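Residues per chain, in single letters:
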Protein chains: 4
Amino acid sequence: LGSRGILDILERLNAGEVVVGDGGMVLQLERRGYVKAGHWTPEAAVQHPEAVRQLHREFLRAGADVLQTFTFYCSEDKLELSGNVTDITGTQINEAACDLAREVADEGSALVAGCVSQTPCYLENHNEAEVKSLFKKQMDEFLKKDIDFFIAEFFRYAEEAAWAVEVLKTSGKTVGATMCISPHGDMSGLPPGDCAVRLVKAGADIVGVNCHLDPTACIQTVKLMREGLERAGLKAHLMIQPLGCHTPECNLTGYISLPEYPFALECRSLTRWDVHKYAREAYEAGIRYIGGCCGFEAYHIRAISEELRAERGFLPPASEKHGLWGAALEMHTKPWVRARARREYWENLLPASGRPRCPSMAKPADE
Amino acid sequence: LGSRGILDILERLNAGEVVVGDGGMVLQLERRGYVKAGHWTPEAAVQHPEAVRQLHREFLRAGADVLQTFTFYCSEDKLELSGNVTDITGTQINEAACDLAREVADEGSALVAGCVSQTPCYLENHNEAEVKSLFKKQMDEFLKKDIDFFIAEFFRYAEEAAWAVEVLKTSGKTVGATMCISPHGDMSGLPPGDCAVRLVKAGADIVGVNCHLDPTACIQTVKLMREGLERAGLKAHLMIQPLGCHTPECNLTGYISLPEYPFALECRSLTRWDVHKYAREAYEAGIRYIGGCCGFEAYHIRAISEELRAERGFLPPASEKHGLWGAALEMHTKPWVRARARREYWENLLPASGRPRCPSMAKPADE
Amino acid sequence: LGSRGILDILERLNAGEVVVGDGGMVLQLERRGYVKAGHWTPEAAVQHPEAVRQLHREFLRAGADVLQTFTFYCSEDKLELSGNVTDITGTQINEAACDLAREVADEGSALVAGCVSQTPCYLENHNEAEVKSLFKKQMDEFLKKDIDFFIAEFFRYAEEAAWAVEVLKTSGKTVGATMCISPHGDMSGLPPGDCAVRLVKAGADIVGVNCHLDPTACIQTVKLMREGLERAGLKAHLMIQPLGCHTPECNLTGYISLPEYPFALECRSLTRWDVHKYAREAYEAGIRYIGGCCGFEAYHIRAISEELRAERGFLPPASEKHGLWGAALEMHTKPWVRARARREYWENLLPASGRPRCPSMAKPADE
Amino acid sequence: LGSRGILDILERLNAGEVVVGDGGMVLQLERRGYVKAGHWTPEAAVQHPEAVRQLHREFLRAGADVLQTFTFYCSEDKLELSGNVTDITGTQINEAACDLAREVADEGSALVAGCVSQTPCYLENHNEAEVKSLFKKQMDEFLKKDIDFFIAEFFRYAEEAAWAVEVLKTSGKTVGATMCISPHGDMSGLPPGDCAVRLVKAGADIVGVNCHLDPTACIQTVKLMREGLERAGLKAHLMIQPLGCHTPECNLTGYISLPEYPFALECRSLTRWDVHKYAREAYEAGIRYIGGCCGFEAYHIRAISEELRAERGFLPPASEKHGLWGAALEMHTKPWVRARARREYWENLLPASGRPRCPSMAKPADE
């Protein structure tokens with residue numbers, strides 16, 4: 001047991017527990033008015049801590065076992081490049097974000113993961129020393145605060161992700177690493193299995209996929225990672241935090257290539273029932289760290305918790321405000337709504353879009 | 001100028017100003033884990049004030065000129081019937097909700113509207129004295145707090161709405177009244193024009209429509225209300241707070257009749273660009289109190305503020321985190337995303353659902 | 001009994017019989033390579049009689065009680081204007097078309113209807129004498145041949161249709177008249193009920209609608225015609241020959257306003273099961289002359305005959321090659337296809353388009 | 001030059017000419033009322049020769065260089081099994097079909113291909129001698145008539161197809177062989193490349209794919225065949241006659257697995273513009289025998305001829321009744337229709353289905 005009397009992330013995973021991740025911060029805070037699309041930087045941790053705190057809290061209530069620091073794109077080079085924040089330093093954001101996640105995590109018994117993500121620097125010059133120094137700076141800021149483990153996430157190149165892992169491992173803490181890649185592999189053409197091998201060799205304890213593609217594609221990618229690790233005789237825990245949108249037409253670059261990105265994705269959003277299906281399939285694929293990324297709101301995370309309630313042994317606080325499979329509709333005044341208070345109804349529903357002039361599939365820009 | 005040095009609601013409307021309403025509380029707080037679908041009662045005002053406060057704040061930042069108290073379905077009979085809250089009284093909720101709205105409204109210069117909605121009692125016995133006593137009780141609780149005016153909203157019968165208005169007018173305050181009806185009229189078959197006449201004769205200063213149907217249908221209904229008032233030689237301000245979903249197939253009972261209600265409505269959600277179109281059309285129809293109901297999130301309210309920025313003369317705080325018509329995408333690394341930093345792109349986009357096995361129109365249950 | 005020992009059209013309708021009409025010639029012969037889209041003139045009656053004869057025969061075998069002469073757009077002014085046929089006269093076409101229809105009709109016991117349609121002349125100058133002389137010329141050519149009655153069809157203006165009826169009635173023969181209008185009325189704004197009154201007053205024995213809109217819209221229009229006649233205290237038989245395509249978005253000008261017209265209408269085509277539904281609804285609306293126009297192929301006409309087999313008392317020859325409601329699938333090798341040998345399957349099927357990038361509704365050009 | 005003074009099929013292909021195939025007989029004659037779905041046998045060649053002759057003629061006019069005898073499923077065992085025809089022998093059908101194809105072919109300068117297809121016998125007992133005797137019987141009947149070459153088509157197993165080729169090659173005539181398989185291979189799991197190798201080793205001069213899947217899938221399969229032949233150092237001409245429907249969701253068993261098979265396929269039909277695209281892609285893939293199967297009507301075959309008019313050097317007779325890329329619409333009375341008289345319009349059109357309650361993709365039964 002750690003200092004708070006709760007199991008740490010590896011203890012949980014090693015014991016075979018299901019770890020529920022949190023949802024997406026950036027996209028949701030954009031909709032709430034605190035993050036600027038195009039920049040996607042997390043200065044709200046300093047500017048509007050109440051908004052970040054509240055979103056963390058929603059994920060906690062929904063059953064998240066881990067709260068990730070709101071530090072996406074918070075490397076110095078990215079902040080400078082975006083030009084969005086001139087009076088706030090990355091150090092300030094990183095430190096504030098750690099405090100916020102910690103504060104809310106301690107309202108329950110969640111762990112806090114300090115998060116780093118891809119850097120513009122890597123694409124610009126591939127300079128290992130320079131890229132690593134960016135990660136090192138962020139890590140050092142996290143280490144001044146009370147975080148439980150690290151996650152390197154949203155990497156399109158296995159090489160850069162491996163560099164991040166190598167840096168973070170110097171802390172002695174557990175490191176998870178997720179890439180935003182498709183079953184076709186990373187942007188250099190490295191297949192998912194080889195990406196996973198590279199990450200584990202770099203020191204990652206947990207590997208997987210996040211963002212960019214829908215649950216179906218992400219599960220397929222993590223399966224390929226698992227197979228790659230098996231072939232190489234390596235072991236690691238598996239993790240998945242997919243996009244909360246349907247992206248059946250996406251290939252390499254994921255939802256960024258869709259015409260709807262980033263301001264018309266609503267009609268692609270997962271329902272809670274889509275998430276039930278996802279959580280079950282991820283579990284059956286042997287993945288034990290199961291969360292979400294952009295588009296996953298609190299009720300999506302709750303759906304993971306509810307689908308895996310038998311495996312976990314409990315329901316989250318927010319389930320007090322939710323009848324399983326719609327059970328609370330039994331009290332509705334309309335008979336046809338009462339008839340929806342059952343699993344079969346929602347599992348078989350094919351929801352209509354209400355948009356008869358819109359297609360169901362788009363042509364991705366990178367096709 | 002009122003006690004806070006800001007114009008009250010009638011002064012604003014009489015001066016021809018655009019008043020931006022807030023968005024939907026109930027559906028959004030359900031997703032965040034604080035409201036139970038099926039019950040839809042607002043006990044979170046007492047149980048989780050921070051969550052209610054934060055959602056109010058998002059609407060305020062998005063430009064809302066009015067914050068409505070989170071008192072939906074908060075009549076005693078409804079609370080009892082739902083059986084959802086046993087240890088919290090309606091009085092507690094009503095009072096807490098007034099305090100929360102007031103607190104956040106004063107972070108800006110918004111007005112607070114105390115809100116009442118339809119009662120189960122009306123449907124059960126149509127007893128005017130009994131129904132009115134329920135509204136009177138709520139009103140008295142509101143009057144103990146600092147609210148600026150009243151809104152009677154979400155009424156399916158003009159008669160019940162008129163009773164609510166008659167009660168609320170005894171306070172001496174301004175009263176708005178909105179019905180959740182379609183262009184076909186209220187559930188007794190009374191056409192929208194006649195509904196409006198009845199409400200104005202009962203004392204309503206502002207009349208209109210809220211919830212249940214999409215912007216297109218709601219604008220059509222308010223136009224019919226306006227025509228009814230004109231024919232009767234009556235005057236009132238017009239108000240609209242539609243559903244944030246596309247409901248082209250809905251008739252009388254609105255989105256409750258859709259197979260997707262209430263747990264699979266995602267793919268029907270309005271984009272911010274749908275809201276630009278809506279705000280413009282509502283304005284052109286002569287409506288000056290323009291907000292949203294269920295499904296309207298902060299970014300939808302911001303879209304109203306942005307569409308009508310010339311008419312209002314300013315942008316809301318949350319627009320600091322939003323490039324008009326996607327302008328901030330100009331800095332994106334992908335050329336095809338940069339090409340989306342313009343109005344024409346988003347106005348003409350027909351977003352794909354990513355759901356090729358789903359239809360675009362459903363068969364409503366009440367058809 | 002007429003000269004051939006069969007009842008004529010009025011005897012049949014007066015006796016309450018169902019009369020099955022034929023399908024569309026022009027669109028089908030375009031696909032077979034004998035009619036030029038844009039011109040739509042019937043010179044194939046002279047150039048390729050075997051093709052016209054074969055299509056007549058398919059409709060006869062499918063149960064058509066009437067074969068219409070292939071004389072669409074065969075007024076002299078239209079033929080000249082189209083410039084498509086320089087070496088064949090309208091007289092030649094009209095005479096050849098009568099012979100072809102007669103020849104095939106006598107292979108069974110069908111009637112032959114000589115058909116005239118709208119003239120460019122009417123739109124150009126509204127000169128009653130000139131327009132009527134065009135109809136008179138065609139009528140005289142028909143009268144040289146052996147035809148049973150007349151149909152004036154595809155009129156967008158009630159005035160021109162009435163002129164045609166007045167001319168055709170001078171022959172002493174029965175006259176049917178159908179307009180290609182929507183429930184909104186003719187192109188001058190005359191409502192369907194008033195159109196019907198005008199036609200009956202001009203002498204029409206049978207009135208109704210053909211082409212331009214789908215069965216749902218056409219049935220609605222014929223109902224409005226019936227109501228108009230009832231209000232005026234007039235009597236006439238009702239007739240319907242709708243488009244064989246789904247056109248839910250069409251208003252005044254019908255399918256010509258759709259982006260798919262005329263070369264991409266395939267995905268809108270009615271299935272045979274759509275036609276079963278149509279035939280039943282038309283029958284229940286009191287319509288007794290039930291056929292089809294553009295897009296109705298032989299199997300659609302057979303579906304009318306099969307749906308109304310109890311009312312008519314027999315099945316058509318082509319039903320020897322068709323199991324009712326798919327019954328002949330019972331012998332298929334695949335179990336899942338055998339499971340389709342029943343009415344419930346086909347009645348409830350919502351067919352997929354196989355076109356995930358295409359919408360389900362278009363924006364008509366005249367909207 | 002052959003006896004008729006025209007080049008035979010191999011001379012044409014060896015010279016690099018494009019050979020345009022004909023379209024589908026069975027599905028089209030079902031719609032015209034002459035073939036029974038479920039049985040799909042060709043007794044109409046005896047019962048209604050005028051209907052078969054007319055359809056052959058439409059394909060000839062559309063540019064078909066080859067007319068295939070209407071002898072699908074005309075092996076004795078299949079005819080017996082179907083039980084559809086009791087008074088007509090396979091011999092009678094085969095002979096009549098040869099005469100009909102020959103008669104029409106000689107109205108132009110087309111070749112006649114005698115066609116055999118898969119037998120129930122193969123699936124039942126895999127008895128090579130018995131299966132081959134069925135093919136031998138048909139071949140002998142064809143050889144009594146005047147046919148130019150053979151096609152073995154619609155085979156799901158390469159083994160049975162190879163047996164057919166071996167039999168047909170004993171005639172000394174050219175033999176083409178097409179299988180109704182997907183890129184996944186034949187029903188025994190043999191990949192397309194290996195299927196092609198087997199067929200060529202059995203003696204096939206032309207190999208390829210027909211029926212069951214849409215142009216996109218069929219082109220992919222033929223490409224795999226070509227690669228298989230190249231790897232094996234073998235040479236053969238390539239042939240393609242795909243389904244005239246969009247089948248993006250189909251895998252092994254093709255359109256038979258779709259819920260719409262066989263009576264609700266309308267909304268999947270190719271437009272003529274889809275065929276332009278197909279013909280170009282097939283040509284660019286090195287395929288020189290390009291036709292269609294079920295769902296290809298005369299206007300689809302004409303579209304192949306028109307797309308490849310430069311390569312072939314001429315247009316077919318039916319193009320007299322067709323403006324290239326809709327050119328003849330220039331004379332339409334509606335300005336918006338005139339605006340469609342150009343290639344760009346039709347190439348970019350995404351046709352709407354007019355069916356807002358229907359999905360765009362189905363779940364295949366064999367998934």
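The structure displayed is predicted, hence computed values, not measured ones. (Residues numbered from 1 in each chain as written. Chains lettered and ligands numbered in written order. Predicted model: local features only at pLDDT ≥ 70, side-chain atom pairs only at ≥ 80, totals over all residues. Heavy atoms only, no water.)

1. Details of the overall build of chain A
- Counting its secondary structure elements, chain A contains 16 helices and eight strands.
- Scaling as 2.2 N^0.38, a compact globule of 367 residues should have a C-alpha radius of gyration of about 21 Å, and chain A matches this with 20 Å.
- Along the longest, intermediate and shortest principal axes, the C-alpha atoms of chain A span 65 × 50 × 50 Å.
- Out of the 367 residues in chain A, the part that is buried amounts to 67%. (Helix = DSSP H or I, 4+ residues; strand = E, 2+ residues; numbered from the N terminus. Rg over C-alpha atoms; globule rule 2.2 N^0.38 Å. Buried < 20%, exposed > 50% of the residue type's maximum accessible area, 1.4 Å probe, protein only.)

2. Digging into the relation of the copies chain A and chain B
- The transform that puts chain A on chain B rotates by 180 degrees and translates by 0.0 Å along the axis, for an RMSD of 0.0 Å. Such a combination of turn and shift is consistent with a two-fold rotation axis. Measuring from the rotation axis to each C-alpha of chain A, the shortest distance belongs to A:C267, at 1.8 Å. (Least-squares fit on C-alpha atoms with pLDDT ≥ 70 in both.)

3. Looking at the nonpolar core
- In this structure, C:F70 and C:I304 are the most contacted members of the largest nonpolar core, which totals 120 residues.
- C:I304 has contacts with C:V20, C:V275, C:Y278, C:A279, C:I290, C:G291 and C:F296, leaving out every residue within four places of it along the chain. (Core = buried A, V, L, I, M, F, W, Y, C linked by side-chain atoms within 4.5 Å. Contact = heavy atoms within 4.5 Å.)

4. Some thoughts on the confidence of the model for chain A
- Confidence in the prediction for chain A averages 96 pLDDT; 99% of positions are at 70 or higher.
- Our summary of model confidence lists the complex with pTM equal to 0.95 and ipTM equal to 0.97. (pLDDT = per-residue confidence, 0-100.)

5. Thoughts on the packing of aromatic side chains
- Summed over the entire model, instances satisfying the criterion amount to 57 aromatic pairs over all chains.
- Ring centres of A:F135 and A:F155 lie 5.8 Å apart, and the angle between their planes is 65 degrees; on these two criteria the pair is classed as edge-to-face. Taken together, the residues A:F135 in helix 8 (residues 128-143) and A:F155 in strand 4 (residues 149-155) connect sequence positions 20 residues apart. As far as the burial class goes, A:F135 and A:F155 line up, both buried.
- Between D:Y345 and D:W346, the ring centres sit 4.8 Å apart and the planes meet at 85 degrees, which makes this aromatic pair edge-to-face.
- What makes D:Y345 buried here is its relative accessible area of 17%.
- Put simply, the rings of A:F263, B:W273, B:W325, B:Y345 and B:W346 touch in pairs and so form one group of aromatic residues.
- If you follow B:R288 out to its NZ or CZ, it ends over the ring of B:Y283, 3.7 Å from the centre. (Phe/Tyr/Trp six-rings, centres within 6.5 Å; stacked < 30°, edge-to-face > 60°. Lys NZ or Arg CZ within 6 Å of the ring centre and 35° of its normal.)

6. Description of the side chain of A:H237
All names here are of chain A.
- Tracing the sequence through the fold places H237 in strand 7 (residues 237-241).
- A polar side-chain atom of H237 sits 2.7 Å from a polar atom in the side chain of N14.
- Residue contacts for H237: discarding those within four places in its chain leaves L10, L13, N14, D205, I206 and V207. (Polar contact = N/O pair within 3.5 Å; in protein donor to acceptor, adjacent residues only side chain to side chain.)

7. Quick look at the UniProt feature "domain: Hcy-binding" (unreviewed entry) in chain A
- The UniProt feature table records "domain: Hcy-binding" (unreviewed entry) at residues 7-308 of chain A.
- The span residues 7-308 of chain A shows a helical share of 46% and a strand share of 12%, and its end C-alpha atoms are spaced 19 Å apart. (UniProt positions renumbered as here; feature names shortened; annotations may be inferred.)

8. Thoughts on the sheet that holds strand 5 (residues 175-179) of chain A
Residues and elements named next belong to chain A.
- Spatial ordering of the open sheet is given by 1-8-7-6-5-4-3-2, a layout of eight strands whose pairing is parallel. Either end of the sheet is taken by a strand with one partner, and the two such strands are strand 1 (19-20) and strand 2 (66-68).
- Bridge count for strand 6 (residues 206-210) against strand 7 is five bridges, and the pairing is parallel. Residue pairing in the sheet places V209 in a bridge with I240 of strand 7. (Pairing = 2+ DSSP bridges.)

9. Considerations on the interface of chain A and chain B
- Taken together, the contact between chain A and chain B spans 82 residues of the former and 82 residues of the latter.
- Of the roughly 7,000 Å² buried at the junction of chain A and chain B (both faces included), carbon and sulfur atoms supply 56%.
- Looking only at chain A, the three residues that lose the most surface to chain B are A:F263, A:K321 and A:A352, adding up to 11% of its buried area.
- One can count 10 salt bridges joining chain A with chain B.
- Residue B:K321 pairs with A:E43 through a salt bridge whose shortest N-O separation is 2.5 Å.
- The set of elements that each furnish at least two residues to the side of chain A that touches chain B consists of helix 2 (26-32), helix 4 (49-61), helix 5 (76-82), helix 12 (272-284), helix 13 (298-307), helix 15 (335-338) and helix 16 (343-348) of chain A.
- Sort the elements by how many residues they give to the side of chain A that touches chain B and helix 4 of chain A lands first, with six residues.
- Tallied by class, residues from the side of chain A that touches chain B come to 36 nonpolar, 21 polar and 25 charged. (Buried area = accessible area lost by both parts, 1.4 Å probe. Salt bridge = Lys/Arg side-chain N within 4 Å of Asp/Glu carboxyl O. Nonpolar A, V, L, I, M, F, W, Y, C, P; charged D, E, K, R; others polar.)

10. Some remarks on the sheet that holds strand 3 (residues 111-117) of chain D
Residue and element names in this part refer to chain D.
- The eight strands lie next to each other as 1-8-7-6-5-4-3-2, forming an open sheet whose pairing is parallel. Strands at the two margins of the open sheet, each flanked by one partner only, are strand 1 (19-20) and strand 2 (66-68).
- Where strand 2 and strand 3 come together, three bridges link them in parallel fashion. Each bridged residue has a counterpart across the sheet, and for Q68 the counterpart in strand 3 is A113.

11. What to know about the pattern of salt bridges
Residue and element names in this part refer to chain D.
- Throughout the structure, instances matching the rule amount to 112 salt bridges over all chains.
- Of the charged contacts, one joins E128 and K132 as a salt bridge, the two residues approaching to 2.9 Å between their closest N and O atoms. Within this pair, E128 and its partner K132 are both found in helix 8 (residues 128-143), separated by four residues, close to a single helical turn.
- When the shortest N-O distance is used, the salt bridge between E260 and R268 registers 3.2 Å.

12. Regarding the environment of B:K321
- With respect to the helices, strands and loops of the structure, B:K321 is situated in the loop between helix 14 (309-312) and helix 15 (335-338).
- Once the C-alpha coordinates of B:K321 and B:A339 are considered, the two residues, 18 residues apart in sequence, prove to be 20 Å apart.
- Those residues in contact with B:K321, other than ones at most four positions away along the chain, are A:E30, A:G33, A:Y34, A:V35, A:K36, A:A37, A:E43, A:Q47, A:N84, B:R61 and B:R302.
- Polar side-chain contacts of B:K321 include one of 2.5 Å to the side chain of A:E43.
- For B:K321, the side chain forms a polar contact with the side chain of A:Q47, separated by 2.9 Å.

13. Quick notes on unusual backbone geometry
- Following A:Y261, the chain continues to A:P262 via a peptide bond in cis, the omega torsion being -5 degrees.
- Among the secondary structure elements, A:P262 is positioned in the loop between strand 7 and helix 12.
- The phi angle at C:H212 is positive, at roughly 70 degrees, despite the residue not being glycine.
- Judged by its relative accessible area of 2%, C:H212 falls in the buried class.
- In this structure, D:C211 takes a positive phi of about 55 degrees despite not being glycine.
- Mapped onto the elements, D:C211 comes out in the loop between strand 6 (206-210) and helix 11 (215-232).

14. Details of the packing of helix 9 (residues 158-169) of chain B against helix 10 (residues 192-202) of chain B
Residues and elements named next belong to chain B.
- Here helix 9 crosses helix 10 at 20 degrees, and the two axes come no closer than 8 Å. Taken together, helix 9 and helix 10 sit at an angle that is classed as roughly parallel. Seen from above, helix 9 lies across helix 10 with right-handed handedness. Of the residues in helix 10, those in contact with A158, E159, A161, A162, W163, V165, E166 and K169 of helix 9 are C195, R198, L199 and A202.
- Its residues assigned to classes, the contact of helix 9 with helix 10 shows eight nonpolar, no polar and four charged. (Axes fitted to C-alpha atoms, helices over the stretch in contact; angles between N-to-C directions. Parallel < 35°, antiparallel > 145°, perpendicular 65-115°, else oblique. Left-handed = near helix turned anticlockwise from the far one by under 90°.)

15. Side note on the side chain of C:H332
- Within the secondary structure layout, C:H332 lies in the loop between helix 14 (309-312) and helix 15 (335-338).
- The contacts of C:H332, once residues within four sequence positions are left out, are C:V337, C:R338, D:I256 and D:Y261.

16. What to know about the environment of A:A282
Residues and elements named next belong to chain A.
- Within the secondary structure, A282 is located in helix 12.
- Among the residues examined, A282 registers a relative accessible area of 0% and is labelled buried.
- Taking C-alpha positions, A282 is 8.4 Å from P215, a pair spaced 67 residues apart along the chain.

17. Considering the pairing of strand 3 (residues 111-117) of chain C
- A large share of strand 3 of chain C lies buried, amounting to seven of its seven residues.
- Alternating positions in strand 3 of chain C separate into two faces, C:L111, C:A113, C:C115 and C:S117 on one and C:V112, C:G114 and C:V116 on the other, with burial throughout.

18. With respect to helix 4 of chain A
Residues and elements named next belong to chain A.
- Taking 1.5 Å per residue as the helical rise, helix 4 with its 13 residues ought to reach 18 Å, and the 18 Å between its terminal C-alpha atoms agrees with that figure.
- Burial analysis of helix 4 places 10 of its 13 residues in the buried class, which makes it a mostly covered element.
- Within the span of helix 4, buried status applies to A51, V52, Q54, L55, H56, R57, E58, F59, L60 and R61.
- Backbone geometry just after helix 4 places G63 at a positive phi near 110 degrees. (Expected span 1.5 Å × (residues − 1).)

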